[in-house]
Amino acid sequence: MSDASPMPEAKAEPRFVAACIQMRSGRDPLANRDAAVALVREAASQGAHYVQTPEMTSLVERDKASLFANVREQDEDVTLAALRDVARERRIVVHIGSLAVRNGDKIANRAFLIDAEGAITASYDKLHLYDVDLPNGERWRESNTYTGGACAVVAETPWAPLGIAICYDLRFPALYRALAEAGATILSAPACFTKQTGEAHWHVLHRARAIETGSFMLSAAQGGRHEDGRETYGHSIIVDPWGKVLADAGGAEPGVILAEIDLARVTEARGRIPALKHARPFTVERVGRTGRA
């Protein structure tokens, strides 16, 4: 008779249902609040355990004077308060992609993670500010109005660590690698992506960030023509660690997408392509003649 102890059963990786809500936020914070609350409740009714809203959930406004007139301190923000209530009411985790909140003489583009008790467990200020001139004549200077963050954030959830980022951050792969190296297995880029750049880059950037890090990418988005005249791309998206698109809101209409997040896929993808482990330090040497006198 053997006295060997039985091998312990392998612990199953967590699974949960994630939702991203697509919005077309306008100039009225109260109307935007009500739209967000309704869509988060709809996602919860469909079985979501985690619900993410897009960047600038509470207000999309290009006019600086109107923006400042409608922005409040964090503790006075009606959308933040309402979504904390919904999280508590439905016993779900709510990830607010971002809100515009007062930060001195400027505004912070700030994300919030809210637990099932309605408590704020993490916040993040967008690191990279969108200062660009597009070929169609659109000109954006976020740095004139917004303050840039200084700290990347990995937040604990009931299932796995979440790397929090916002919109333009998506174009900075070093940020996502750092989040993954810090333990994140779920990454995000809730956005107010312009239609022009979204058509060119939205899907490929999400798939690339997922593949590079072996992580899930979840991003809720704004979509359609907004009251302030801008047009955003929509296509809220959920991508698995192998780069497969699990859900796509398709176009610009408000709504909800859901997908089951099986964390075993992270273990599998990182085991098959262990790029996070294989990174090596290196230097860059520029060589050769320039041809200039």
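Rules behind the numbers
Residues numbered from 1 in each chain as written. Predicted model: local features only at pLDDT ≥ 70, side-chain atom pairs only at ≥ 80, totals over all residues. Heavy atoms only, no water. Helix = DSSP H or I, 4+ residues; strand = E, 2+ residues; numbered from the N terminus. Rg over C-alpha atoms; globule rule 2.2 N^0.38 Å. Buried < 20%, exposed > 50% of the residue type's maximum accessible area, 1.4 Å probe, protein only. Contact = heavy atoms within 4.5 Å. Areas by Shrake-Rupley, 256 points an atom, 1.4 Å probe, with all protein chains shown as cover. Pairing = 2+ DSSP bridges. Salt bridge = Lys/Arg side-chain N within 4 Å of Asp/Glu carboxyl O.

## Points about the overall build of the protein chain
Consideration 1: Helices and strands together make up the secondary structure of the protein chain, namely 7 helices and 17 strands.
Consideration 2: Taking 2.2 N^0.38 as the reference for a compact globule, 293 residues should give roughly 19 Å; the C-alpha atoms of the protein chain span a radius of gyration of 20 Å, in line with that estimate.
Consideration 3: Each of the three principal axes of the protein chain carries a C-alpha extent, and together these read 80 × 70 × 35 Å.
Consideration 4: A total of 293 residues make up the protein chain; the buried ones form 49% of that total.
Consideration 5: If you take every contact in the protein chain between residues at least 6 apart in sequence, the share linking residues at least 24 apart comes to 69%.
Consideration 6: Accessible surface, the protein chain: about 14,200 Å² in total, of which carbon and sulfur atoms supply 50%.

## With respect to the pairing of strand E3 (residues 93-103)
Consideration 1: Extensive coverage of E3 is indicated by the burial of 9 of its 11 residues.
Consideration 2: As judged from the 3 bridges shared by strand E2 (residues 50-52) and E3, these two strands associate in the parallel manner. Along E3, the bridge assignment pairs valine 51 with valine 94.
Consideration 3: Pairing of E3 with strand E4 (residues 106-114), which is carried by 8 bridges, proceeds in the antiparallel orientation. Pairing of isoleucine 96 across the sheet is with phenylalanine 112, part of E4.
Consideration 4: Linkage of E3 to E4, two consecutive antiparallel strands, is achieved through a turn of 2 residues, within which glycine 104 is found at a positive phi near 70°.

## Concerning the pattern of salt bridges
Consideration 1: The final tally for this structure, using the stated rule, is 18 salt bridges.
Consideration 2: For glutamate 181, the salt bridge is made with arginine 177, and the minimal N-O distance between the two is 3.1 Å. Here arginine 177 and glutamate 181 lie together in helix H4 (residues 173-181), a separation of 4 residues that amounts to about one turn.
Consideration 3: Where aspartate 228 meets arginine 230, a salt bridge forms, and the shortest distance between an N and an O atom there is 2.9 Å.
Consideration 4: The buried category is assigned to aspartate 228, whose relative accessible area is 11%.
Consideration 5: It is possible to trace a salt-bridge network through shared partners that takes in Arg15, Glu260 and Asp262.

Remember, this is a structural readout, not a statement about activity or role.
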